[in-house]
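Take a look at the letters that make up each chain.
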Protein chains: 2
Amino acid sequence: MKEYYMMEAYKEARKAYALKETPIGAIVVFNGEIVGRGYNQIELTNDPINHAEIVALKNAAKNLKRWRLYDCEIYITMEPCIMCAGAIVNSRIKKIYIGAGHKKNHIVNKHNEYKLDIYRDSKIEYEFGILEELCSSILTNFFKERRNLY
Amino acid sequence: MKEYYMMEAYKEARKAYALKETPIGAIVVFNGEIVGRGYNQIELTNDPINHAEIVALKNAAKNLKRWRLYDCEIYITMEPCIMCAGAIVNSRIKKIYIGAGHKKNHIVNKHNEYKLDIYRDSKIEYEFGILEELCSSILTNFFKERRNLY
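Scoring rules and cut-offs
- Residues numbered from 1 in each chain as written.
- Chains lettered and ligands numbered in written order.
- Predicted model: local features only at pLDDT ≥ 70, side-chain atom pairs only at ≥ 80, totals over all residues.
- Heavy atoms only, no water.
- Helix = DSSP H or I, 4+ residues; strand = E, 2+ residues; numbered from the N terminus.
- Buried < 20%, exposed > 50% of the residue type's maximum accessible area, 1.4 Å probe, protein only.
- Contact = heavy atoms within 4.5 Å.
- Areas by Shrake-Rupley, 256 points an atom, 1.4 Å probe, with all protein chains shown as cover.
- Core = buried A, V, L, I, M, F, W, Y, C linked by side-chain atoms within 4.5 Å.
- Phe/Tyr/Trp six-rings, centres within 6.5 Å; stacked < 30°, edge-to-face > 60°.
- Lys NZ or Arg CZ within 6 Å of the ring centre and 35° of its normal.
- Disulfide = S-S within 2.5 Å.
- Pairing = 2+ DSSP bridges.
- Axes fitted to C-alpha atoms, helices over the stretch in contact; angles between N-to-C directions.
- Expected span 1.5 Å × (residues − 1).

Colleague: Can you walk me through the overall build of chain A in this structure?
Modeller: Tallying secondary structure elements over chain A gives 6 helices and 5 strands in all. Traced from its N-terminal end to its C-terminal end, chain A shows the element sequence α-β-β-α-α-β-α-β-α-β-α. Each of the 150 residues in chain A was classed as buried or not, and the buried ones make up 53%. Look at the contacts in chain A between residues 6 or more apart in sequence, and 60% of them connect residues 24 or more apart. Split by element, the accessible area of chain A, about 7,100 Å² in all, is 49% carbon and sulfur.

Colleague: Hey, could you run me through the nonpolar core in this one?
Modeller: For soluble globular proteins, nonpolar side chains are generally found buried alongside one another. Among the nonpolar cores identified, the biggest contains 54 residues, and Val28 and Leu57 of chain A together with Val28 and Leu57 of chain B are the most heavily contacted of them. Apart from residues no more than four positions distant in its own chain, Leu57 of chain B is found in contact with Ile49 of chain A together with Val28, Leu69, Ile74, Ala87, Ile88, Ser91 and Ile93 of chain B.

Colleague: Got a minute to help me understand the packing of aromatic side chains in this structure?
Modeller: Centre distance and the angle of the planes are the two values used to describe a pair of aromatic rings. Residues and elements named next belong to chain A. A complete count under the given rule lists 12 aromatic pairs over all chains for this structure. Between Tyr75 and Tyr97, the ring centres sit 4.4 Å apart and the planes meet at 10°, which makes this aromatic pair stacked. Within this pair, whereas Tyr75 is found in strand β3 (residues 72-78), its partner Tyr97 is found in strand β4 (residues 95-100), the two being separated by 22 residues in sequence. For Tyr75, a relative accessible area of 2% gives the class buried. On the basis of relative accessible area, Tyr97 is assigned to the buried category, the value being 7%. Consider the rings of Tyr126 and Phe128, whose centres lie 6.0 Å apart with planes at 90°: the pair is edge-to-face. One aromatic cluster is present, built from ring pairs that chain together Tyr4, Tyr5, Tyr75 and Tyr97. The ring of Phe30 carries the charged tip of Arg66 above its face, separated from the ring centre by 5.4 Å.

Colleague: So what exactly am I meant to see when it comes to the state of the cysteines here?
Modeller: According to the stated counting rule, one finds 0 disulfides over all chains in the structure shown. There is no disulfide at Cys84 of chain A, and the cysteine sulfur nearest it, in Cys81 of chain A, is 3.9 Å away. There is no disulfide at Cys72 of chain B, and the cysteine sulfur nearest it, in Cys84 of chain B, is 17 Å away.

Colleague: Before we go on, may I ask you to explain the sheet that holds β3 of chain A in this structure?
Modeller: Strand pairing in a sheet is mediated by backbone hydrogen bonds. Such pairs are either parallel or antiparallel. Residue and element names in this part refer to chain A. Reading across from one edge, β2-β1-β3-β4-β5 is the order of the 5 strands in this open sheet, with mixed pairing throughout. Where the open sheet ends on each side, the last strands, each with one partner, are β2 (33-39) and β5 (125-127). On average, each strand axis in the sheet is inclined to that of its neighbour by 15°, with strand direction left out of account. As defined by bridge partners, β4 adjoins β5 across 3 bridges and the pair is classed as parallel. The residue bridging Tyr97 from the neighbouring strand is Glu127, located in β5. In the packing of helix α1 (residues 2-18) onto the sheet, contacts are made with β1 (25-30), β2, β3, β4 and β5, and the angle to β1 comes to roughly 140°.

Colleague: What is the right way to read helix α1 (residues 2-18) of chain B from this model?
Modeller: Every α-helix carries 3.6 residues per turn, so stepping three or four residues along brings you back to the same face. Residue and element names in this part refer to chain B. Taking 1.5 Å of rise per residue, the 17 residues of α1 would be expected to cover 24 Å, and the 25 Å separating its terminal C-alpha atoms lies within 8% of that figure. Restricting attention to buried positions, one finds in α1 the residues Tyr5, Met6, Glu8, Ala9, Tyr10, Glu12, Ala13 and Ala16. Elements that come into contact with the buried residues of α1 comprise β1 (25-30), β2 (33-39), β3 (72-78), β4 (95-100) and α6 (132-148).

Below is the structure:
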């Protein structure tokens, strides 16, 4: 089932890709059901907050009509940035499933350890490496394509 | 001028107070002009993302029609949580002015040092203690009132 849900997050990442946005996707699951979806759309919306995770969390809160998502899980194609890690903690999410870990060129790459501290201290469970190659390769391809444009 | 802008952020915090939301306010300044305003409204909107800083950043990006706010400053009545600290970094904000520092009972209180690392590494300038007592006392009063209800 983990792979099934991560594939749904990956489909969100593909939507971002098609829009020339950095291809990251996220979904929120409650009781086995997908209640929130999101893909990165900061360029499209001209909004620095609209990362995949944020869009998915807002969508889930809207659908469930509550902001405390303590009984929900989130699937993310890439390890979250500091903002999104904090947003997941604030939302009281129970467990985080991550596709690809950070590689390089990420604004907060050097803070990986801090973020894991955030998760640990806030008692959020987390699991890395679900469909890792797929989630990672869409990003690699995206940046390769972008570089070739210039 | 710092005090003038912080007072405007404080006015936002008062709006939150009136709505029984944790009273935190923020404003974004570009070229001397207030281009973004926000107060904490997570209960009102049932949305875990709608902290004062996030609302102000989204508002500024919308008004300026761009998400990179590298020439803007943000005034916040309270030291940001991890999510908002990350959002400020992601938005490329130039300088952060903070009213009150964290005291206790904050979800990420123990991460104060990490957050300062975020600021330092991302080269964001920051300054603490603008109208500190005012920004701090509205929070103290709020929590005192809430406790007396039960």
